[in-house]
Amino acid sequence: MTSMSQYSQRACLAVNGDTNTVTDTGNCVESGLSDYSAFWAVDLGQNYVVTNITIYRRKNWPKRMADLELRVDESLCYTFPTHNQVAQLLALPEKIDIQCKPPLTGRVVKLQKVNTDRDSRGTYVYSYLINICEVLVWACGIGTYGPDCSSECGHCIEGSACNRVTGECPSGSCGNGTYGLHCSSECGRCIEGSTCNTVTGECPTGCQSGWQGSHCVTESKN
């Protein structure tokens, strides 16, 4: 779901998959001319670990990216140049690739204007407008975690996902004879029909014949 404070085109146009940056095609969104606290936001529907965000700005209007903050929920991912930093604004490419460092966990990705200063004539500077054409949000998928989503989750019990930042499984939710925070350690030789403690790895009812110790990983010498 998308939202915008005021707008001259529908806010959802910025997440329709069309990266055309020419506004004449009707693909770009623009905040209302009387909106001096403009924002644009997309609700991802659930929490994700957001690693990167790509923004396609409107062609020929880089200055309209001035004074913007990009946030995931309340956490700051990126701050754009101010309206006084004209050289930096003019250098912005039409496709702006942003990496959130560190990755941010949240549900709502939001662009917010943070400066509505008036110029020397007493009118609002051009920077109060938001004018974007597409926003792509990159996040870790189910079964992966870590800064670049390249690490695989352990054997969390079916139906539960690991933490997409730390890789930890919800407490006590290991499956397939595993244990530990990431459910990546294998249980020992617990008595048949029982499984190890999913936190400590200890066998609560004892070991199979020929094995000993609290984790039943040491062979008996007898």
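Since we're looking at a predicted model, the values are computed, not measured.

Re the overall build of the protein
Counting its secondary structure elements, the protein contains one helix and 13 strands. Mapped in sequence order, the helices and strands of the protein form the string β-β-β-β-β-α-β-β-β-β-β-β-β-β. In the protein, which comprises 222 residues, the share counted as buried stands at 38%. Put simply, 58% of the contacts in the protein that link residues at least 6 apart link residues at least 24 apart. In the form shown here, the protein has an accessible surface area of approximately 12000 Å², with 47% of it arising from carbon and sulfur atoms.

Remarks on the state of the cysteines
Within the structure shown, the criterion is met by eight disulfides. A disulfide bridge connects C174 with C183, and the sulfur atoms are separated by 2.0 Å. Of note, the bridge from C174 to C183 carries an S-S torsion of about -80° and is left-handed in sense. As far as burial versus exposure is concerned, C174 and C183 are alike and both buried. Here C187 pairs with C196 through a disulfide, and the sulfurs are 1.9 Å apart. In this structure, the disulfide formed by C187 and C196 twists by about -50° around the S-S bond and is classed as left-handed. Like C187, the residue C196 is buried in the burial classification.

Section: the pattern of salt bridges
Under the definition given, this model contains five salt bridges. The shortest N-O distance in the salt bridge between K59 and E94 comes to 3.4 Å. Note that K59 is positioned in the loop between β3 (39-57) and β4 (68-72) and E94 in the loop between α1 (86-90) and β6 (95-113), a separation of 35 residues in sequence. For K59, a relative accessible area of 36% gives the class partly exposed. The exposure class assigned to E94 is partly exposed, which follows from its relative accessible area of 28%. Across the salt bridge formed by R71 and E69, the nearest N and O atoms sit 3.1 Å from each other. We classify R71 as partly exposed; its relative accessible area is 24%. For E69, a relative accessible area of 18% puts it in the buried group.

Conventions we followed
Residues numbered from 1 in each chain as written. Predicted model: local features only at pLDDT ≥ 70, side-chain atom pairs only at ≥ 80, totals over all residues. Heavy atoms only, no water. Helix = DSSP H or I, 4+ residues; strand = E, 2+ residues; numbered from the N terminus. Buried < 20%, exposed > 50% of the residue type's maximum accessible area, 1.4 Å probe, protein only. Contact = heavy atoms within 4.5 Å. Areas by Shrake-Rupley, 256 points an atom, 1.4 Å probe, with all protein chains shown as cover. Disulfide = S-S within 2.5 Å. Salt bridge = Lys/Arg side-chain N within 4 Å of Asp/Glu carboxyl O.

Read these as spatial facts, not as claims about activity.
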